[in-house]
Amino acid sequence: MAKPMITTLSYKQLYLVSFIEGGVVMVTEIAGAKMLTPYFGASLYSWASTLSITLLALMSGYYYGGYATTKPWYNSADKILWVFLISGLSVAIMPMLGSFIMLKTIAFSFFTGLIVSQLLFLFIPIFLMGMISPMIIFQVTKKAELSGRSAGNIYAISTSGGILFTMCFGFLIIPGYGISLPVRVLGIAVTALAFILLIRNKMIRNKITVAFILLVLAILSLNHYKPRDFPPGSKMRLVDYSEGLLGELRVVDQLTQKPDGGFVNVRKLRVNNIQQNYVFTDVPSQSLLFYVNFAKQLFRFIPKKENVLLIGLGAGSLYGVLNKEHSKIETVEIDQRIYDFGIKYFGMPDHSNHHITDGRYFINTTKKKYDLIIIDVIIGESVPGQLLTLESLKKCGELLNPGGSLLIESGGLENFSENAFIPSVYKTLQSAGFLVKMYNPLRKPNFGDIVFLASKAPLISDSTLIADDVLIKGGPLSEFSMSLQSFNTKSSRVLTDDLNYVDVMLKDHYFRVRQSTRKEIASLNASHQY
């Protein structure tokens, strides 16, 4: 006669499950947001979707978990472990499932694809984890008058797990090992722990069958989508790939047709599938970005530039330009991988005077003075608005030596007449006490790159002659000059730390950039090249 199964768990075991459940929820939320970025971007809208789906899943899980405890089948403690086990499996397969789903939903409209994707790969694991807390509270509550205390204890333990896991994964594990591998290992570990507790408490009968099924599912979860090299006929080659808390990085070599009909090999750095740098493969120190080559000419006429601060590396093209003439260059880059890729693939010299930190934090804490500060961070869809506020720009002014200058670039903009962001940066620079000039290296009236040159005293005459350079046709500097009247000045405003409208002003720009990228991914996926 078979022995009856145990239907209770010790308080220590229940508290352990609660602690881990809270941690897994937070890691899953972070991973879900970061998994989106190569497909739908890292804008405010992606984060808003992630938070909304997470809260919806938790709300639904809390409700259903509480409702389930009123049903006899859920009264036994072993059901907690089975929900815990299934939720661990759902976390383990999330990277594989998410990649598969987003390659399908990439063809949807932006918001539809964003929400449908997360409903399919993020909702289920968080919903299952959400069920666990009310189920544990039911088990530990012995008297009605103690229900409040029991609930408080469980949610406190769960939240403490969330805090610890967030710190460990956010600061240590994900930066070192990426998103997918830690999530898969975490999911398998949760599944294994649930299985061990089921066996230890004699809550499972057919151990071999269950173990075999779990082993197969674990192997499937490890068979995660990895970026493949491109087929020979695609004229593209994946050189390197990295994923981490700050996004997905790709280095891609591509055979590109020149205007004269010939072909040339180019190398691209892509962050979340948005191009950040573009060079000749054989001459990686030569950038093919308009603003970099224009800035190279502009630097020749800036009178003081002995001590230079460069915020944002973009794989090091601007640093390479400056390094040819100046030795005292200090760089700030928030992503260590950008620095490493710049050295390895883009010809950037290794240099000790660099800092891996947030640009705003650096300018707020440095005690040094500079002749030239360059903010090279405004490209694609992730614009750090905290660097462009009145408070930030005033601080930059304090860091400049007398006669010093500030250069800010904003790349890849379209529809200048609708753009309120550029005149807002202009007005904010003026409010910070700068004299400001704007240039477009493409010399187009309604699209291109915008380069701000700001100083406390006039620097360069409009009659200054810019020489021919890569992509740049020379001429008087006045031919590159841009007027505020080219932009939407009616909707512009001074940007402050309290009222920072960058994401709102660049909303249409973000969508255009991401739409173009999503079309490219969908096309490559349709031809099995991605």
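Keep in mind that this is a model prediction, so the values were computed, not measured.

1. Some words on the overall build of the protein
- Within the protein, the regular secondary structure consists of 17 helices and 13 strands.
- Considering only C-alpha atoms, the protein reaches an extent of 100 × 55 × 45 Å along its principal axes.
- Counting over 530 residues, the protein shows a buried share of 55%.
- Taking the intrachain contacts of the protein between residues at least 6 apart in sequence as the baseline, contacts between residues at least 24 apart amount to 70%.
- Only carbon and sulfur atoms are counted for the fraction: they give 61% of the accessible area of the protein, which is about 23,300 Å².
- Side-chain charges in the protein split into 50 positive and 37 negative, and the spacing between the mean points of these groups amounts to 8 Å.

2. Some words on the sheet that holds strand E9 (residues 400-414)
- The strand order E7-E6-E5-E8-E9-E11-E10 describes an open sheet built from 7 strands, whose pairing is mixed. Each having just a single partner strand, strand E7 (354-356) and strand E10 (435-439) make up the two edges of the open sheet. Mean inter-strand twist for the sheet, computed between neighbouring axes without regard to direction, equals 15°.
- Here strand E5 (residues 307-311) runs beside strand E8 (residues 370-378); their pairing, made up of 4 bridges, is parallel. Note that in E8 the partner of Val 308 across the bridge is Leu 372.

3. Re the confidence of the model for the protein
- Per-chain confidence: the protein averages 86 in pLDDT, with 90% of residues scoring 70 or above.
- Considering only residues more than four positions removed or in separate chains, one finds that residues 1-6, a stretch of pLDDT under 50, has 9 contacts.

The rules behind the values
- Residues numbered from 1 in each chain as written.
- Predicted model: local features only at pLDDT ≥ 70, side-chain atom pairs only at ≥ 80, totals over all residues.
- Heavy atoms only, no water.
- Helix = DSSP H or I, 4+ residues; strand = E, 2+ residues; numbered from the N terminus.
- Buried < 20%, exposed > 50% of the residue type's maximum accessible area, 1.4 Å probe, protein only.
- Contact = heavy atoms within 4.5 Å.
- Areas by Shrake-Rupley, 256 points an atom, 1.4 Å probe, with all protein chains shown as cover.
- Lys, Arg positive; Asp, Glu negative; His and termini not counted.
- Charge placed at Lys NZ, Arg CZ, Asp CG, Glu CD.
- Pairing = 2+ DSSP bridges.
- Axes fitted to C-alpha atoms, helices over the stretch in contact; angles between N-to-C directions.
- pLDDT = per-residue confidence, 0-100.

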